[in-house]
Amino acid sequence: MKNLLKLMTAASTASLLMLSCAGTKSDKPVYLDENQPIEARIEDALSRMTLEEKVKILHAQSKFSSAGVPRLGIPELWTTDGPHGIRPEVFWDKWKQAGWTNDSCVAFPALTCLAATWNEEMSALYGKSIGEEARFREKDVLLGPGVNIYRTPLNGRNFEYMGEDPFLASVMVVPYIQEVQKNGVAVCVKHYALNNQESLRHEYDAVVDDRTLNEIYLPAFKAAVQKGGAWSIMGSYNLYKGQHVCHNSYLLNDVLKGDWGFDGAVISDWGGCHDTDEAISNGLDLEFGTWTDGLTMGATNGYDAYHLANPYLERLRDGRASEDVLNEKARRVLRLIFRTAMRTDKPFGSLCSPEHYAAARQIGGEGIVLLKNEAGVLPISGDAKKILVVGENAVKMMTVGGGSSSLKVQREVSPLDGIRAAAGEGVEVMYERGYVGDISGKYNGVVTGQDLSESRSAAELIADACAKAAEADVVIFVGGLNKSSHQDCEDSDRFSLELPYNQDAVISALAAVNPSLAVVIVSGNAVAMPWVDDVNAIVEAWYGGSEAGNALADVLFGKVNPSGKLPFTFPARLEDNGAHALGAYDPHSTVAKYSEGIFVGYRWAQKQGIKPLFAFGHGLSYTDFLYSDAVLDKNTMGGNGKINVTAKVTNVGAVSGKEVVQLYISDEECSVERPVMELKGFKKVALEPGESKDVTFAIEPEMLKFYDAEKGEWTLEKGRFTVCIGSSSEDIRCKASFDYEEDR
Ligand code: GLC
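Residues numbered from 1 in each chain as written. Predicted model: local features only at pLDDT ≥ 70, side-chain atom pairs only at ≥ 80, totals over all residues. Heavy atoms only, no water.

### Some thoughts on the site of the ligand
And step 1. As a matter of local geometry, the ligand sits amid 16 residues, with Asp81, Arg157, His191, Tyr237 and Asp269 nearest to it.
And step 2. Between the ligand and arginine 87 there is a distance of 3.3 Å, counted from an oxygen atom to a side-chain nitrogen or oxygen.
And step 3. Aspartate 269 is positioned such that a nitrogen or oxygen atom in its side chain is 2.7 Å from an oxygen atom of the ligand.
And step 4. Across the shell around the ligand, the residue classes tally to five nonpolar, three polar and eight charged. (Near = heavy atom within 4 Å. Polar contact = N/O pair within 3.5 Å; in protein donor to acceptor, adjacent residues only side chain to side chain. Nonpolar A, V, L, I, M, F, W, Y, C, P; charged D, E, K, R; others polar.)

### Let's talk about the pattern of salt bridges
And step 1. Counted under the stated rule, the structure contains 52 salt bridges.
And step 2. Notably, a salt bridge pairs aspartate 165 with arginine 603, separated by 3.0 Å at the nearest N-O pair. Of this pair, aspartate 165 sits in the loop between strand E3 (141-142) and helix H6 (166-181) while arginine 603 sits in helix H19 (residues 602-608), and the two are 438 residues apart along the sequence. Across the pair, arginine 603 and aspartate 165 agree in class, each one buried.
And step 3. The partner of lysine 182 in a salt bridge is glutamate 179, with the nearest N and O atoms 2.6 Å apart.
And step 4. Three or more residues joined by partner-sharing salt bridges are found here, namely Glu392, Glu432, Arg433, Glu454, Arg456, Asp464 and Lys468. (Salt bridge = Lys/Arg side-chain N within 4 Å of Asp/Glu carboxyl O. Helix = DSSP H or I, 4+ residues; strand = E, 2+ residues; numbered from the N terminus. Buried < 20%, exposed > 50% of the residue type's maximum accessible area, 1.4 Å probe, protein only.)

### Overview of the confidence of the model for the protein chain
And step 1. Residues at a pLDDT of 70 or more form 97% of the protein chain, whose mean pLDDT is 95.
And step 2. With pLDDT under 50 throughout, residues 13-24 is counted as low confidence; its partners more than four residues away or in other chains account for seven contacts. (pLDDT = per-residue confidence, 0-100. Contact = heavy atoms within 4.5 Å.)

### Some thoughts on the packing of aromatic side chains
And step 1. Under the counting rule described, the total for this entry stands at 25 aromatic pairs.
And step 2. Taking 5.9 Å as the distance between ring centres and 70° as the angle between the ring planes, the aromatic pair formed by tryptophan 78 and tryptophan 92 counts as edge-to-face. Pair noted here: tryptophan 78 is in strand E2 (residues 77-80) and tryptophan 92 is in the loop between E2 and helix H4 (111-117), with a separation of 14 residues, a long-range link.
And step 3. On the numbers, 5.4 Å between centres and 45° between planes, the contact of tyrosine 303 with tyrosine 306 is tilted.
And step 4. Judged by relative accessible area, which is 9%, tyrosine 303 ranks as buried. (Phe/Tyr/Trp six-rings, centres within 6.5 Å; stacked < 30°, edge-to-face > 60°.)

### Overview of the pairing of strand E16 (residues 517-522)
And step 1. Burial runs high along E16: six of the six residues are buried.
And step 2. Judged by which residues are buried, E16 turns out to be covered on both faces: Leu517, Val519 and Ile521 on one side and Ala518, Val520 and Val522 on the other are all buried.
And step 3. Viewed along the sheet, the connection from strand E15 (residues 474-480) through helix H16 (residues 503-513) into E16 turns out right-handed.
And step 4. Examined bridge by bridge, E16 and strand E17 (residues 537-540) share four bridges and lie parallel to one another. If you follow isoleucine 521 over to E17, its bridge partner there is glutamate 540. (Right-handed = clockwise from strand over helix to strand, strands pointing away. Pairing = 2+ DSSP bridges.)

### Focus: the sheet that holds strand E8 (residues 243-244)
And step 1. Taken in spatial order, the four strands make up an open sheet running E8-E7-E5-E18, and their pairing is mixed. Each having just a single partner strand, E8 and strand E18 (591-593) make up the two edges of the open sheet.
And step 2. Bridging between strand E5 (residues 205-207) and E18 involves three bridges; their strand directions are parallel. Paired with valine 207 across the bridge in E18 is lysine 593.

Set out below in structure tokens:
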């Protein structure tokens, strides 16, 4: 009913607008006149389109494009992967690389790295930069960013997302969206919703209770729509309540378009549409990739056979489908076209510019997390004259592979390259392979050109590395995961938490030889660290993109003081993770029962009293920060009132640095079980040595609510709340409590 009312309003508004515009001077048709309101232009275009033309714009015409209306001069729509950079061109109707020579790009750090900056300015810089690259390549829709919540450390695509906490992801996704769209390029926030694993991704039915759905898995998408203003959303492959999400009436019609007021277009994931009648009725607007897995295989020239193509036309002609619903779909696609391809006032964008490389390096440097640093291993001392770098990930290209986010970069600076470039005159930087991981150098037709072949045995590799380690002033091991199948890669999950390729043995052997060892993990996921007590320094470097090596070297040599914080928990063991503790993650089952409910990540660890290997929000600095007591300006809150809480943070070290001051809130008395605490605010502050800053958070009633599944609404119960301010979820520096006085 709500939708029909909206429809009638739009139509009447449009007719009024057209009447009012009738007398305007312009002899241009309204839909072509950029001085006219976009809604009037949409209605005018719609009124001129035939039934066939309306259907034609609702589905793909090639691997990555959909039709416009040539007769009316309305251009086609071009989409492109991915969240970290602009994918190289493929053939019109094949996944095969087109072999262009002008479609190399800058690879920006993976989104886990962006999330780890906990800095909205970095998100804005990221969106601006990648939006300019998409614009320059004349793409209208960027298929990203991804904000699926990190439920299991085994999910192959966590590297494309923003971690385990809905608040962090909800804040960090917004500037990215706003800045991309300023280029006249739409984002397509994905994968809505509940795509939290890759195993059986096209088939599994996510079974989630309403409270968990609303408190954990929807918030980042809701923020993308209501605060980010996303112009398109990508439906996910999986099912929810037995219905494929690409045509799921509840998630698309009721929640996304109804409750949230989303006015953009819902685009299917590639091959996510499986049923014509559901696609028509349940909120899908633009069908892509049918009969393909979105990666390689797919039916050719099947476009007229798409669900929203001839089968839809037949139903419209024989009366089984209403033209009102068709018009609503066409409106949304036209709105996407008018916001992008039809806009002539767009900037021109830029590609592979110095600014984009600088942005990639800056974001990478801000996102790298210093997990442990003892015995003064880091930053590398200026006295170090012999540096040994060990590990395949010190040299292996990481911008290739991983699935649809794979790129063809203009250049990629490896960790070894970056360390060599940063080491001063007279410093020898040696290299040893240490282990052999994945020596393939080709993905999706993009060839790295690297020859990673190796003839030595594992034992010989370790022996050679240890021999050099014995004579080095400092050893940097660079390992972790990679973008191969069952590592950090789309369409497959990892099999375990452990590091692959015998890396644990290499690390332990090096630690025994030289205590000045720093272990650098390149990954998009948590990994087990059985050697954690034997290693003095540990860094999570993420997938840093084209400037990975320079960003890492900036941190290792102290040019950049690390300020990254973990966007997800590193559990000591897989069974310390909620889904795994309850046996609720089964890669072989087509039913994914989210039995852990809202207790995801640190919410589970704190509920169970489990000490994580490294906590959500953890990250060290080369300096130290002192927190004062938390001071509230009131001790009670009522109605829509708010309370301000302030803590003074002081840099008590010798170098300047940035600290992410985190605000968690505990509900001390509630009728339902709530997490021990939940992230509800954060601020990143830069402080010179000796400098102090007051950091103030405004606490509002919305931050105190939980989702009452029985009432179907967000609820606030009176009672005592405690504000926890700290440097991580496990490093709370000060607390203060207040009472909320009434039920709402
Ligand atoms: C893939 C992915 C999606 C991507 C699309 C196009 O299967 O799931 O993220 O944008 O297909 O490549």
